[in-house]
Amino acid sequence: MQRVVAFLVLALCAGALTAQDAAAPVIAEGVVPDQATKTQILEKLREVYGSERVVDRVQVESIPTPPNWGRYVAGMIGPGLQRVSAGKLEVNGQAVRISGEVVNEAQRQQVASELSLASNSTYTVTNSLGTGGSGQGLLDATLGDRIIEFESGSARLTDLGRYILDEMAEKLQEIGDARVQIVGHTDDVGQRQANLALSQARAEAVRSYLVEQGIPRANLSVLGKGPDEPIADNATDDGRARNRRIQFRVL
């Protein structure tokens, strides 16, 4: 039997389940009917994952494909795939299979639904996703190296701080009813007790903002650690800036 087409994506997704996934390559390999189809698919992959992460192993051969195959495949490559860790998207003709790990059942169903909606009724989507994903990894990858900022010496969030928390709220909704501890940290400048109080107030400010965004208050606890758990050298400006941070711990 003649092979119609094979296309495979290994989706180790940024923003999915571990911090390491944020830098993992997305490997595209298989066979497509023409250069235009290859370009269309690779452009969509680079749009979703970033050019530096996409590894191109796609070959072009003169083979038959279903009508509009390239457009449908490109449509399947959307932001929803970033929820999948250590995953694989396989499109062989009109047979589609998605595998890997997501955080919960709601995500599992959503990813498969998005794939179905991107094609048409002649395509068959097999959902082989598991639900063993790590909510902690999802939050870590979303926050990344960014710092949730406050106005100097206060617990008042800056615009950038609120912007990052809007993203974190979306991810907290994705991981469902998991309990998360919000931990505030400071540098070591000033008195320790004052820093402990400030870190506690900032953690509470973060919780209040997330509750306003629809996260149940019962799912969020707070803790102020002050200067006690530095991640960088307090002897430098950059180190002190990194130590003034908010941490999210899935309990």
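Preceding this section is the structure that the text describes.
The residue numbers shown here count from 1 along each chain, following its written sequence. Two thresholds apply to this predicted model, a pLDDT of at least 70 for residue-level local features and 80 or more for giving and counting side-chain atom pairs, whereas whole-chain, interface and lining totals are computed over all residues. With hydrogens and water set aside, each side-chain value is computed from the structure's full complement of heavy atoms.

1. A look at the packing of helix H1 (residues 35–49) against helix H2 (residues 69–76)
Under this scheme, a helix contributes an axis fitted over its contacting stretch, all axes are lines through C-alpha atoms, and angles between N-to-C directions fall in the 0 to 180 degree range. Helix and strand labels come from DSSP, where a helix needs a run of H or I of at least four residues and a strand needs a run of E of at least two; each type is numbered from the N terminus. Look at H1 against H2: their axes get within 9 Å of each other, and the N-to-C directions meet at 10°. The angle between the axes of H1 and H2 places the two elements in the roughly parallel class. Taken together, the residues of H2 that come into contact with H1 (itself represented by Thr37, Gln40, Ile41 and Lys44) are Trp69, Gly70, Arg71, Val73, Ala74 and Gly75. Angle categories: roughly parallel below 35 degrees, roughly antiparallel above 145, roughly perpendicular from 65 to 115, and oblique for all the rest. Whether two residues are in contact is decided by their heavy atoms: any pair within 4.5 Å suffices.

2. As for the environment of Val211
Residue placement: Val211 occurs in helix H6 (residues 192–212). On the accessibility criterion, Val211 (29% relative accessible area) is partly exposed. Separated by 42 residues in sequence, Val211 and Ala169 have C-alpha atoms that sit 8.8 Å apart. Leave out the neighbours within four places in its chain, and Val211 touches Arg217 and Leu220. Partly exposed residues are those whose accessible area sits between 20% and 50% of the maximum for their type, while under 20% is buried and over 50% is exposed, using a 1.4 Å probe and protein chains only.

3. Brief notes about the packing of helix H4 (residues 135–143) against helix H5 (residues 159–174)
Orientation of H4 relative to H5, taken along the N-to-C sense of each, is 165°, at an axis distance of 10 Å. Of the possible angle classes, the one that applies to H4 and H5 is roughly antiparallel. Of the two possible hands of crossing, H4 and H5 adopt the one that is right-handed. In this structure, H4 contributes Leu138, Leu139, Thr142 and Leu143 to the contact, and H5 contributes Ile164, Glu167, Met168, Lys171, Leu172 and Glu174. Note on residue categories: nonpolar means Ala, Val, Leu, Ile, Met, Phe, Trp, Tyr, Cys or Pro, charged means Asp, Glu, Lys or Arg, and polar means any other residue, Gly included. Looking at the contact of H4 with H5, its residues break down into six nonpolar, one polar and three charged. Two helices crossing with the near one rotated counterclockwise from the far one by less than a right angle form a left-handed crossing, whereas a clockwise rotation gives a right-handed crossing.

4. A short note on H5
Given a helix with a known number of residues, its expected span is that number minus one, times 1.5 Å. End to end, H5 covers 23 Å across 16 residues, agreeing with the expected 22 Å (1.5 Å per residue, within 8%). Immediately downstream of H5, the backbone of Gly176 shows phi near 75°, a positive value.

5. Considerations on H1
For H1, spanning 15 residues, the distance from its first C-alpha to its last is 21 Å, which sits close to the expected 21 Å at 1.5 Å a residue. Inspection of H1 places Thr37, Lys38, Ile41, Leu42, Leu45, Val48 and Tyr49 among the buried residues, and these make up the whole buried set. The buried residues of H1 occupy one face: seen down the axis, they fall within an arc of 125°. Residues of H1 that are exposed and angled more than 90 degrees away from the buried face: Ala36 and Glu47. Residues adjacent in sequence count toward polar contacts only when both atoms are side-chain atoms; beyond that, a polar contact is any pair of N or O atoms within 3.5 Å, and within protein one must be able to donate a hydrogen and the other to accept it. The N-terminus of H1 is capped by Asp34, whose side-chain oxygen sits 3.3 Å from the backbone nitrogen of Ala36. This arc describes the spread of directions from the helix axis toward the C-beta atoms.

6. Thoughts on the nonpolar core
Formed by 27 residues in total, the largest nonpolar core has its most connected members in Leu45, Met76, Leu81 and Leu89. Of all the secondary-structure elements, those providing two or more residues to this core are strand S2 (26–32), H1, strand S3 (54–60), H2, strand S4 (85–92), strand S5 (95–101) and helix H3 (105–118). With five residues, the single largest contributor to this core is H1. Residues within four places of Met76 in sequence aside, it is in contact with Leu81, Leu89, Val91, Val96, Leu115, Ala118, Ser119 and Tyr123. Working definition of a nonpolar core: buried Ala, Val, Leu, Ile, Met, Phe, Trp, Tyr and Cys residues. They are joined through side-chain atoms within 4.5 Å. Judged by nonpolar contacts, the second largest core, of 25 residues, contains Val103, Val180, Ile215 and Leu220.

7. A word on the sheet that holds strand S7 (residues 180–185)
Strand pairing in a sheet relies on backbone hydrogen bonds, with the paired strands running either antiparallel or parallel. A strand pair is defined by DSSP finding two or more bridges across the two strands. Strand order in the open sheet made by the three strands is S8-S7-S9, with mixed pairing throughout. The open sheet has two free edges, formed respectively by strand S8 (220–226) and strand S9 (246–250), since each of these has just one partner strand. Adjacent strand axes in the sheet meet at a mean angle of 25°, parallel and antiparallel pairs treated alike. As paired strands, S7 and S8 are joined by six bridges and run parallel to one another. By the bridge assignment, His185 is partnered in S8 with Gly226. The sheet contacts of H6 involve S7, S8 and S9, and relative to S8 the element is tilted by about 155°.

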